[in-house]
Amino acid sequence: MPKNWALKVDQYFNANSNCIVATAHVDTFPTDLPLEPNIREPNRKSSTYRQIYDSLTTEPEKFFERHSGIVLCANKVKPNSKKTQLDLEILEAQEGGSDGIINGGHTVLAFQQARGYNFDLSKARVKVTIHIGLSEDEAKDIALASNTSAPVDARSKVNARGDYKFIKQFLAQLERDQETKFRIAYYQNQSGAPKSPQCNVNHLIKLMNCLDRNKYNPDSKSRTKHPPVSNTPSLSEAERQRLSKLLPLLPKALWIEQQLFKTIEEHITKPRKKGIIDLASIDPRKNTLLPDSRYSFGFSAPADIAMPIVAAYRVFLDEQYNWIIPFDEFALDFLQHLWTNYYRKYLVSEKLAGNTVGTKICRNPVIWDNLYVSAQSYLNQHLIKMVGSNTKREDLKLVN
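Residues numbered from 1 in each chain as written. Predicted model: local features only at pLDDT ≥ 70, side-chain atom pairs only at ≥ 80, totals over all residues. Heavy atoms only, no water.

- Named according to an unreviewed UniProt entry, the protein chain is Abortive phage infection protein C-terminal domain-containing protein originating from Tolypothrix tenuis PCC 7101.

**Quick look at the confidence of the model for the protein chain**
- Counting all residues, the mean pLDDT for the protein chain is 86, and 88% of those residues have values of 70 or more.
- Low pLDDT, under 50, characterises residues 392–400; the stretch is placed with zero contacts to residues that sit more than four places away or in other chains. (pLDDT = per-residue confidence, 0-100. Contact = heavy atoms within 4.5 Å.)

**Looking at the sheet that holds strand β2 (residues 19–25)**
- Read across the open sheet, the seven strands follow the order β4-β5-β1-β2-β7-β3-β6; overall the sheet is mixed. In this open sheet, the two edge strands, each paired with only one partner strand, are β4 (76–79) and β6 (100–103). Adjacent strand axes in the sheet meet at a mean angle of 40° when their direction is disregarded.
- Alignment of strand β3 (residues 70–74) against strand β7 (residues 125–132), held across five bridges, turns out to be parallel. By the bridge assignment for β7, V71 is matched with T129. (Pairing = 2+ DSSP bridges. Helix = DSSP H or I, 4+ residues; strand = E, 2+ residues; numbered from the N terminus. Axes fitted to C-alpha atoms, helices over the stretch in contact; angles between N-to-C directions.)

**Things to note about unusual backbone geometry**
- The backbone phi angle of N118 is positive, close to 60°, even though this residue is not glycine.
- With respect to the helices and strands, the residue N118 is situated in the loop between α3 (105–116) and β7.
- By relative accessible area, N118 is classed as exposed at 69%.
- In the Ramachandran plot, Y321 falls in the positive-phi region, its phi being about 65° despite a non-glycine side chain.
- Within the element layout of this structure, Y321 appears in the loop between α10 (307–312) and α11 (327–352).
- Under the relative-accessibility criterion, Y321 is labelled buried at 13%. (Buried < 20%, exposed > 50% of the residue type's maximum accessible area, 1.4 Å probe, protein only.)

**Comments concerning a nonpolar patch on the surface**
- A cluster of nonpolar side chains, contributed by I324, L383 and M386, occupies part of the molecular surface with about 210 Å² of accessible area.
- As for its placement among the helices and strands, I324 is situated in the loop between α10 and α11.
- Judged by relative accessible area, which is 41%, I324 ranks as partly exposed. (Patch = residues over 30% accessible without salt bridge, like charges linked within 9 Å, V, L, I, M, F, W, Y side chains within 5 Å. Areas by Shrake-Rupley, 256 points an atom, 1.4 Å probe, with all protein chains shown as cover. Salt bridge = Lys/Arg side-chain N within 4 Å of Asp/Glu carboxyl O.)

**Concerning α11**
- For α11, with 26 residues, the first-to-last C-alpha span of 35 Å sits near the 38 Å given by 1.5 Å per residue.
- Bending of α11 peaks at approximately 50° at the position of W339. (Expected span 1.5 Å × (residues − 1). Bend = angle between axes of the 7 residues up to and from the residue.)

**Some thoughts on the nonpolar core**
- Residues I305, Y313 and Y343 are the most contacted members of the largest nonpolar core, which totals 72 residues.
- Put simply, the parts of the chain that give this core at least two residues each are α6 (165–178), α7 (201–210), α8 (237–246), α9 (250–269), α10, α11 and α12 (365–399).
- It is α11 that provides the largest number of residues to this core, a total of eleven residues.
- Excluding residues within four positions of it along the chain, Y313 makes contact with L211, I256, W323, F327, F330, A331, F334 and L335.
- Membership of the second largest hydrophobic core comes to 33 residues, among which are W5, A24, I70 and F111. (Core = buried A, V, L, I, M, F, W, Y, C linked by side-chain atoms within 4.5 Å.)

**Here's the deal with α6**
- Given a rise of 1.5 Å per residue, 14 residues ought to cover 20 Å, and the 20 Å separating the end C-alpha atoms of α6 matches this to within 8%.
- The inward-facing, buried residues of α6 contact α7, α8 and α9.
- Just downstream of α6 lies E179, where phi reads positive at about 50°.

**So, the packing of aromatic side chains**
- Per the stated rule, a full pass over the model turns up 22 aromatic pairs.
- Ring geometry for Y49 versus Y53: centroids 5.9 Å apart, planes at 25°, classification stacked. Within this pair, Y49 and its partner Y53 are both found in helix α1 (residues 47–58), separated by four residues, close to a single helical turn. Side by side, Y49 and Y53 carry an identical accessibility label, which is buried.
- Seen in terms of ring centroids, Y313 and F330 are 6.0 Å apart; in terms of plane orientation they differ by 35°. Their pairing is tilted. Pair noted here: Y313 is in the loop between α10 and α11 and F330 is in helix α11, with a separation of 17 residues, a long-range link. The pair formed by Y313 and F330 is uniform in burial state, with each residue classed as buried.
- Among the aromatic residues, those joined into a cluster by ring pairs are W255, Y313, F316, W323, F327, F330, F334 and Y378. (Phe/Tyr/Trp six-rings, centres within 6.5 Å; stacked < 30°, edge-to-face > 60°.)

**Things to note about the environment of R344**
- Mapping R344 onto the fold places it in helix α11.
- The exposure class of R344 is buried, given its relative accessible area of 18%.
- With 81 residues separating them along the chain, R344 and T263 place their C-alpha atoms 9.9 Å apart.

**Let's talk about the packing of α1 against α3**
- One way to put it is that α1 packs onto α3 with a least axis distance of 9 Å and a crossing angle of 50°. By the angle between their axes, α1 is oblique relative to α3. Considering only the axes of α1 and α3, their crossing is right-handed. Listed contacts from α3 to T48, Y49, I52, Y53, L56 and T57 of α1 are H106, T107, L109, A110, F111, Q113 and A114.
- Tallied by class, the residues present in the contact of α1 with α3 amount to eight nonpolar, five polar and no charged. (Parallel < 35°, antiparallel > 145°, perpendicular 65-115°, else oblique. Left-handed = near helix turned anticlockwise from the far one by under 90°. Nonpolar A, V, L, I, M, F, W, Y, C, P; charged D, E, K, R; others polar.)

Written out as structure tokens, the structure reads:
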């Protein structure tokens, strides 16, 4: 069912047949309007919010002149007989609407906060632009164009365009299949999503990139030998198609990351010297949350620490992204092989040298090369064993 809100106004006029511009009262402005069309949630710690709040509470009578205004979208707008109130009919997202605050989430939050502290806002006014009956795409287009007074991260813009839908749909199905919950931030200041960088949607894209054995293959003539782990600023149609092919591998990539964190946890809880962490950039004073809500760890690690390990597994994929060997038959043993023979030694040596790894991991081709070559060697040995085992079985059959 549509919901209704009342907007007390001094005056209004029709900018066009589908747009009303009004001078609204701040002290009665509805602060529970949906934020569905907005591309980010308001952040009361941001400089944008503080400036709005200070302007509102110090000189409320001058707020109208100093503020650019609020942009809304409503399904219908009806003025009362005295033309002192506009009644807004809002369709919520589940009803197929894109109504609510398009631009001005920080402003409405400031109204709510100031009223909570009993500031006198009776003289404060704000310009409100109300678009009527916008489609979802039209609302998103205005939201993207309006949010320019403060920086908006690229991820929020990609999300506003709906380019993460294919990932959201895949994760929703995965949640049902695995009976779990994923905590992923798709846009700036998203409520309910942790600030852990591992829970950023771009982190999932990095993990998938690490398993693209066709695009990132050191054995080919391509210049891109290893996957980049920088953030993806935008998603073209070609990129979405490529990542859609990699999506079925995402659960395995998440599993590899989880197992690496479990391995690090076991290592630091049973150190050779009590109270000493001998791994670079591992901080036991902080916590890490992984995308799958079942996995939380009592230490922090660089966001990209698992990337070279995950990337090594692409050796075990064919050109159609199928596992050459059943994943469960080698995955855990292979990870322990990489950890024991290469990765732990790398982190220990960096610690002894007084270095931190962090983003250096993605700029260190040596460790990526070593892990990739090790994976090739491991695969070859595994295949030889399989061939030998099959030969013995055939001999046994011949004897019988």
